[in-house]
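Here's the letter readout for the chains.
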Amino acid sequence: MRKVTPNHWLSAAGTGFSSTIRCRSRRGGGAGATPPPGGPSTNPGPAGASGGPKDSAVVGIAYEPETLSPLLGYGKDGNSKIFDGLLAFDADMKLKPALATALPAIADGGLTYTYRLRDGVTFSDGAPFTAEDVVFTYRTILDPKTNNASRTELDALKSVEAVGDDTVVFHLKYPYAPFAERTVHAIAPEHVAAKQDVNTGTFTTRPIGTGPYVLTGWSKGEKLSFKANPTYWNGAPAVKKFTMAIIKDDDVRATRLRAGDLDGAVLPPNLAAGFKGDKAKKTWQAKTYDYRTVTLPTHNKVAGDTDVRRALDLAVDRQAMVDKILEGAGKPAYGPVPTDSPWFAKGTERRHDLAGAQKILDQAGWKPGPDGVRAKNGVRASFPLWYLSGDKLRQDHALAYVSDAKKAGIDIKAQAGTWEVIEPRMKTDAVLAGGGAPGDPDFDQYLLLQSGLAGDGFNNMAWYDNKTVDRALDEGRRTNDLAKRRAAYDTVQRELVKNPGYTFLTHIDHLYVVDDDWAGPSTQTEPHDHGLASGPWWNVETWKPKSGGPADAAAATNK
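Because the structure is a prediction, the values reported are computed rather than measured.

Asks: Teacher, can you tell me more about the packing of aromatic side chains here?
Replies: What describes a pair of aromatic rings is the distance from one ring centre to the other and the angle between the planes of the rings. Here the structure, examined in full by the defined rule, presents 17 aromatic pairs. Pairing Tyr113 with Phe179 gives two aromatic rings, centres 5.0 Å apart and planes at 65°, and the pair type is edge-to-face. Here Phe179 lies in helix α2 (residues 179-182) and Tyr113 lies in strand β5 (residues 112-116), a separation of 66 residues in the sequence. One aromatic cluster is present, formed by Tyr113, Tyr115, Tyr138, Phe170 and Phe179 through successive ring pairs. The ring of Trp284 is capped by Lys282, whose NZ or CZ atom sits 4.1 Å from the centre of that ring.

Asks: What exactly am I supposed to notice about the nonpolar core here?
Replies: A general tendency of soluble globular proteins is for nonpolar side chains to be buried together. Core analysis: the biggest nonpolar cluster contains 36 residues, and Leu224, Phe226, Val239, Phe242, Met244 and Trp537 have the highest contact counts within it. Broken down by secondary-structure element, the contributors of at least two residues to this core are β1 (56-61), α3 (190-193), β8 (213-219), β9 (223-228), β10 (241-246), β12 (281-286) and β22 (510-515). Grouped together as the second largest cluster of nonpolar side chains are 35 residues, Leu312, Phe383, Tyr387 and Tyr401 included.

Asks: Quick question: what am I supposed to make of the sheet that holds β12 here?
Replies: Hydrogen bonding along the main chain pairs the strands of a sheet, whether they run parallel or antiparallel. Strand order in the open sheet formed by seven strands is β8-β9-β10-β1-β11-β22-β12, and the pairing between neighbours is mixed. A single partner strand is all that each edge strand has here, and the edge strands are β8 and β12. Shown here is a sheet whose adjacent strand axes are inclined to one another by a mean of 20°, direction ignored. Bridge count between β9 and β10: five bridges; the pairing is antiparallel. The partner of Leu224 across the bridge, within β10, is Met244. The strands that helix α4 (residues 250-259) touches are β1, β11 (264-267), β12 and β22; relative to β11, the one it contacts most, it runs at about 150°.

Asks: Help me understand the packing of helix α12 (residues 467-477) against helix α13 (residues 482-498) in this model?
Replies: For any two helices packed against each other, the geometry comes down to the angle between their axes and how far apart the axes lie. Direction vectors running N to C along α12 and α13 enclose 155°, while the axes themselves pass 8 Å from each other. Taken together, the axes of α12 and α13 lie roughly antiparallel to each other. Considering only the axes of α12 and α13, their crossing is left-handed. When α12 is examined against α13, the residues Thr468, Val469, Ala472, Leu473, Glu475, Gly476 and Arg477 are found in contact with a partner set consisting of Arg485, Ala488, Tyr489, Thr491, Val492 and Glu495. Along the lines of polarity and charge, the residues of the contact of α12 with α13 split into six nonpolar, three polar and four charged.

Cut-off values and rules
- Residues numbered from 1 in each chain as written.
- Predicted model: local features only at pLDDT ≥ 70, side-chain atom pairs only at ≥ 80, totals over all residues.
- Heavy atoms only, no water.
- Phe/Tyr/Trp six-rings, centres within 6.5 Å; stacked < 30°, edge-to-face > 60°.
- Helix = DSSP H or I, 4+ residues; strand = E, 2+ residues; numbered from the N terminus.
- Lys NZ or Arg CZ within 6 Å of the ring centre and 35° of its normal.
- Core = buried A, V, L, I, M, F, W, Y, C linked by side-chain atoms within 4.5 Å.
- Buried < 20%, exposed > 50% of the residue type's maximum accessible area, 1.4 Å probe, protein only.
- Pairing = 2+ DSSP bridges.
- Axes fitted to C-alpha atoms, helices over the stretch in contact; angles between N-to-C directions.
- Contact = heavy atoms within 4.5 Å.
- Parallel < 35°, antiparallel > 145°, perpendicular 65-115°, else oblique.
- Left-handed = near helix turned anticlockwise from the far one by under 90°.
- Nonpolar A, V, L, I, M, F, W, Y, C, P; charged D, E, K, R; others polar.

Structure follows, in structure tokens:
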């Protein structure tokens, strides 16, 4: 759980699928609702009824970023379109060179990382990219005056220096095994960004980068528009115009896709299923680390009780949620690590066992009252559970959790609210939250569970306090020894069985429907955040139009 931008936590209304950053809007109307401005009336892309040019694409996403500045966190996980990092992830989530010519040279027992930079790279305004831009980016992020909510992700970084124009050296405080993965972070141009207020300057909304696309417009709440960068160091994209239409309502997004106004969209399972018979479209199902969980705040007398936590962990029917809420597009979650990850601790799966949950509560002195709700020492087993207004997927998870808890004698009251309402209550009230990051286990578990981060924005929302877990998290991030790291994260997951400060519910597959006009779309293993940086268009700069495809047929019909 990264310190907030709650983008790491929040998902789009209705789908539970976010594009990025803070999700605060309500779900709109149904399928027949008037489309928002983000849904263009005609599609300039290949699937449009007018048979338009095959050099443009429009995709429908649910939410937009708060900023486009890497200095404030945009592009920190790669795939930012406007920018590049020193490294990038390929389709298999393996690191590959980007602005660097090769993977870093690691020395001094993992304390020094040296990157050689690619020659001849320019920003979209024509200015040369140099090592000073890298140094500027990382130093600015580390500056406490910079409002970068993800600064803690670079806690291991001690300093960064340029050696000439083509070499950058990072010095770490301690060996941090996944540091190279952090250097997919987008690089900002010093010659532009350094002349402005880092937090409020125009660079935050009109950025310049080295990436495959150049921002041509951002109509907030409506769309982000891009054009291909003709001087991109890795070759100009074939998709010359790329538009992300911001359509918050799931039903409207599906309707615009069916009408041909969109070339692709992120959709929840029930709406994606409606396109199964459409031969002109392809459904992509991306595996993810995206989970839904219930925070159980330590400072709540009921939710913070270890026996109540353990009972809820058994009372919840995770498989039913996968089957009924996700329609099979996901799997039960027992912690932040998916069960098919090599980092998953085998044997930590928790069965659905209502009788076992009731037994734990009985033995702990939580006795049923006349209304079936348990109590102990005058404390009624009841607490509130908040979920984001307009987020149907979270609502469905919350209501299912409430129902399961009631059978065990725990009265949970689900309530909807905006983040402005929820955030001040997180210390004592439960929240239906989301998160998850692929790659190294440190990325999610440290910020999710480290006791010192309790109350730090959206980090450790449950105020979880387990010294054994704290030690294991530090051991896991401070060694490069794989066996020791596996042992550390194994300990973390087993401690979550003994004292689950969260009830993890499901890991969610992300579904996208895209016109089958293009060669090149694919999916990566995705984080909680998706739609903008992830999705089948994560690599849109490599797409090529198919010949003889549906777009060609449409064009021929209209001639």
